[in-house]
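Chain residues, written in single-letter form:
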Amino acid sequence: MMEKRIRVLVAKPGLDGHDRGAKVVARALRDAGFEVIYTGLRQTPEQIAEAALQEDVNVIAMSILSGAHMHLFPRVVELVREKGMKDVLVVGGGVIPESDIPALKKAGIAEVFTPGTKTSDIVEFIKAHVK
Amino acid sequence: MDIVKELLGGSRLALSRTITAIENEHENASSIMRELYHHTGHAFVLGITGPPGAGKSTMTDKLARAYRNMGKTVGIIAVDPTSPFSGGAILGDRIRMNGLTLDEGVFIRSMGTRGSLGGLSHKTADAVKALDAFGKDIIFVETVGVGQSEVDIVKAADTTIVVLIPGMGDDIQAIKAGILEIGDVFAINKADHDGADKLQAELNMMLDLDGLKFDWRPPIQKVVANQGEGIDDLVKLIEKHYAYISKTGKLAQRRHDRTKTELLELLNSSIGTYVTKHIVDTGRINKCLQDIEAHRNDPYTIVHQLMDELLK
C-alpha cells in the first residue's frame, strides 16, 4: 500500500504578476515531499476551486500582492465548500496587513503567511493541519 | 454514498476522489476498478509525448479545444516527474490549460510519476479507465518530457503523437532510438523557429526507410501550438489515423495487446503481494537467507520449492 501523498494547489488569484514568492513556496513544498499542482498567475476564484476539485488536493495555497485578498481568499473557501470539498485546507500569503488576518481566519483561511515567513514554517503548518 | 454510482451519475468530485483512491492504492481501489471496468471501452485515447519543453501541454490544450468544438467531451491526464529524492513533484502542465478549467466538458488531472520510469505513472492506465467510465469521448495522456526510451505511452494510447521541436542539436540523434518508432503522427512544434524544415526533412528521411514495412506511414505536421497554427490539420491527421486503425482491425489488436499486458501486470503484482504477505512479512525469508548463507541450500532450489508450495 502506498503512503498517502499530500497534494497542494499553488495559485495566484487576482491581477498582480508577482509569482516569485509562489514559486519559492512551490519549490519548498516539493522538497518536503508534497505533490504541488502549480497553476500560475491571474486565476479567478472559480478556476482555483474547480482545479482544486479536479486535482483532489488536500491544500490550496494562494499568494496575492495586489490587495484584493479580502475579496478573493474568502470567495475560494466559499466555492470549494459549495463543491463539497469539506476538508480542504486553505492558506494564504503575500502582502497582507495584520489587521486583515482575523477576518480572513474567520472566513475560513486556516493561516496567513506574511513576508519573512520561513518556508519550513509553511511546511510544518500544512503537515500539522492537513486532513 | 457509493462512489462508483456517483461517478457514473456524473459527479466530478466522485471522479476526482476515485482517481485519488486509484493513485494511493486505497483499500477500496480494486473493488472500484472492478465495477468501473464494465463501463470502459468507449473513449479514444490519445497519447502526447516528446522531449521536455516541446510544447506537449500547449498542444494538448489546443487539441482539446478543437475536440470540444467538435462537440466531444475531453479528459486529460498530464504526467510530470516525481523527485526520486524527496518524493515530491511540481505538476505544472495545467498552467498551459487554465482556459479549459471552467469548461464542464473537460476534466484535467495531474499525476506524478511516483517512481515509474516509462514516462507515465503506474496508475495512469487505471485513471484513464475512470475518465472513460465517466463518459469522456477523448482522453489525452500527456507523458513527462521524454528522452529516447520512455515508451510506455504506446501501451496506454490508441494513437500516439510525438511532439518534436527544431534546434535540439543533432535532431536525428535525439530521436532515432525509441521515440521515432512509436509515433503514429508527428508534430513539429515551434515550426516558426529556425531548423523546422531541416527537422522535417530528416524525419521524412527516417520514416521513409520504414515505408515498405508498414501500410501506415506516420505523417508529419508543422505546428505553432501557442498560436493555434496547424492544429486543425493535426486533428485531421489524428482522425485519419483513427479511421485507419479502426478499419484495419489494428485498434482492436492494440486494445487486445493492452488488455493482455494489463492482465499479466495485475497477475504479477498480485503474486508479488502474496509473496510479501506469506514469505516476507511472516519472517520465513530469514530462514531461507540463513540456509543460503550457510550453504545449506541455494536460491534456485528454494524458489523452486516455494513455487511448488504456492501453486499447490
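Residues numbered from 1 in each chain as written. Chains lettered and ligands numbered in written order. Predicted model: local features only at pLDDT ≥ 70, side-chain atom pairs only at ≥ 80, totals over all residues. Heavy atoms only, no water.

- Chain B appears in an unreviewed UniProt entry as LAO/AO transport system kinase from Pectinatus cerevisiiphilus.

- As recorded by an unreviewed UniProt entry, chain A carries the name Methylmalonyl-CoA mutase C-terminal domain/subunit and is attributed to Pectinatus cerevisiiphilus.

**Remarks on the pattern of salt bridges**
Item 1. Using the criterion set out here, one finds 37 salt bridges over all chains in the structure.
Item 2. The salt bridge partner of glutamate 50 of chain A is arginine 12 of chain B, with a shortest N-O separation of 2.8 Å. Linking glutamate 50 of chain A in helix 2 (residues 45–55) with arginine 12 of chain B in helix 2 (residues 12–23), this pair reaches from one chain into another. The residues glutamate 50 of chain A and arginine 12 of chain B share a single accessibility class, namely buried.
Item 3. Through salt bridges with shared partners, one network takes in Arg7, Glu35 and Glu55 of chain A together with Glu23, Arg94, Arg109 and Arg114 of chain B. (Salt bridge = Lys/Arg side-chain N within 4 Å of Asp/Glu carboxyl O. Helix = DSSP H or I, 4+ residues; strand = E, 2+ residues; numbered from the N terminus. Buried < 20%, exposed > 50% of the residue type's maximum accessible area, 1.4 Å probe, protein only.)

**Some thoughts on the interface of chain A and chain B**
Item 1. At the interface, 31 residues of chain A touch 30 residues of chain B.
Item 2. With both sides pooled, the region where chain A packs onto chain B buries about 2700 Å², and carbon together with sulfur makes up 49% of that total.
Item 3. Where chain A meets chain B, there are 6 salt bridges.
Item 4. On the surface where chain A and chain B come into contact, there are 21 residue pairs in polar contact (both at pLDDT 80 or more). (Contact = heavy atoms within 4.5 Å. Buried area = accessible area lost by both parts, 1.4 Å probe. Polar contact = N/O pair within 3.5 Å; in protein donor to acceptor, adjacent residues only side chain to side chain.)

**Looking at the UniProt feature "domain: B12-binding" (unreviewed entry) in chain A**
Item 1. If you check UniProt for "domain: B12-binding" (unreviewed entry), the listed places come out as residues 5–131 of chain A in our numbering.
Item 2. Strand forms 24% of residues 5–131 of chain A and helix 43%; the C-alpha atoms that close the span are 11 Å apart. (UniProt positions renumbered as here; feature names shortened; annotations may be inferred.)

**Focus on unusual backbone geometry**
Item 1. Despite not being glycine, aspartate 56 of chain A has its phi angle at roughly 45°, a positive value.
Item 2. Within the secondary structure, aspartate 56 of chain A sits in the loop between helix 2 and strand 3 (59–64).
Item 3. At glutamate 25 of chain B, a position not held by glycine, the phi torsion is positive, near 50°.
Item 4. By relative accessible area, which is 31% here, glutamate 25 of chain B ends up partly exposed.

**Remarks on the confidence of the model for chain B**
Item 1. Confidence along chain B averages 90 in pLDDT terms, with 96% of residues attaining 70 or more.
Item 2. Mean pLDDT across the secondary structure elements of chain B bottoms out at helix 7 (residues 171–175) of chain B, with 54, and peaks at strand 5 (residues 138–142) of chain B, with 97. (pLDDT = per-residue confidence, 0-100.)

**Overview of helix 11 (residues 250–280) of chain B**
Residues and elements named next belong to chain B.
Item 1. Helix length check: helix 11 (31 residues) gives 43 Å between terminal C-alpha atoms against 45 Å at 1.5 Å per residue, within 8%.
Item 2. Listed in full, the buried residues belonging to helix 11 are Leu251, Arg258 and Ile279.
Item 3. Structurally, helix 11 contributes buried residues whose contacts are with helix 6 (153–156), helix 10 (231–247), helix 12 (284–293) and helix 13 (299–310). (Expected span 1.5 Å × (residues − 1).)

**Describing the sheet that holds strand 8 (residues 220–222) of chain B**
All names here are of chain B.
Item 1. With parallel pairing, 7 strands are arranged side by side in an open sheet as 4-2-5-1-6-7-8. The sheet terminates laterally at strand 4 (106–112) and strand 8, the two strands that pair on one side only. Ignoring strand direction, the axes of neighbouring strands in this sheet form an average angle of 20°.
Item 2. Strand direction decides the pairing type here: strand 1 (residues 44–49) and strand 6 (residues 159–164), joined by 4 bridges, are parallel. Bridged to isoleucine 48 within strand 6 is isoleucine 161.
Item 3. Here helix 5 (residues 124–134) sits on the sheet and contacts strand 1, strand 2 (74–80), strand 4 and strand 5; the angle it forms with strand 2, its principal contact strand, is near 165°. (Pairing = 2+ DSSP bridges. Axes fitted to C-alpha atoms, helices over the stretch in contact; angles between N-to-C directions.)

**Digging into the domain arrangement of chain B**
Item 1. Taken domain by domain, chain B comprises domain 1 (1–39), domain 2 (40–248) and domain 3 (260–310).
Item 2. Computed from C-alpha coordinates alone, the two centres of domain 1 of chain B and domain 3 of chain B are separated by 32 Å. (Domains from an automatic or database assignment.)

**A word on the pairing of strand 4 of chain B**
Item 1. Taken across its 7 residues, strand 4 of chain B has 7 buried, putting it largely inside the fold.
Item 2. Burial along strand 4 of chain B is two-sided: Val106, Ile108, Ser110 and Gly112 of chain B facing one way and Phe107, Arg109 and Met111 of chain B facing the other are all buried.

**Remarks on the sheet that holds strand 3 (residues 89–91) of chain B**
Item 1. Taken together, the 6 strands give an open sheet; going across it, the order is 5(A)-4(A)-3(A)-1(A)-2(A)-3(B), and neighbouring strands pair in parallel fashion. Of all strands in the sheet, those with a lone pairing partner are strand 5 (111–113) of chain A together with strand 3 of chain B, marking the two edges. Adjacent strand axes in the sheet meet at a mean angle of 25°, parallel and antiparallel pairs treated alike.
Item 2. In the sheet, strand 1 (residues 7–13) of chain A pairs with strand 3 of chain A via 4 bridges, with the strands oriented parallel. The residue bridging leucine 9 of chain A from the neighbouring strand is isoleucine 60 of chain A, located in strand 3 of chain A.
Item 3. Relative to strand 2 (residues 35–43) of chain A, helix 1 (residues 20–31) of chain A is tilted by about 170°, and along the sheet it contacts strand 1, strand 2 and strand 3 of chain A together with strand 3 of chain B.

**Some remarks on the side chain of aspartate 132 of chain B**
Item 1. On the secondary structure map, aspartate 132 of chain B appears in helix 5.
Item 2. In contact with aspartate 132 of chain B, not counting residues within four places along its chain, are His39, Thr40, Gly41, His42, Ala43 and Ile139 of chain B.

**Considering the packing of helix 4 (residues 56–69) of chain B against helix 10 of chain B**
All names here are of chain B.
Item 1. Where helix 4 contacts helix 10, the two axes come as close as 10 Å, and the packing angle between them is 75°. Judged by the angle between their axes, helix 4 and helix 10 are roughly perpendicular. Contacts between helix 4 and helix 10 involve Met59, Lys62, Leu63, Ala66 and Tyr67 from the first element and Ile231, Leu234, Val235, Ile238 and Glu239 from the second.
Item 2. Taken together, the residues that form the contact of helix 4 with helix 10 break down as 8 nonpolar, no polar and 2 charged. (Parallel < 35°, antiparallel > 145°, perpendicular 65-115°, else oblique. Nonpolar A, V, L, I, M, F, W, Y, C, P; charged D, E, K, R; others polar.)

**Structural notes on helix 13 of chain B**
Item 1. Spanning 12 residues, helix 13 of chain B covers 16 Å between terminal C-alpha atoms, matching the ideal 16 Å at 1.5 Å per step.
Item 2. Regarding helix 13 of chain B, its N-cap is aspartate 298 of chain B, as a side-chain oxygen of that residue lies 3.0 Å from the backbone nitrogen of tyrosine 300 of chain B further along.

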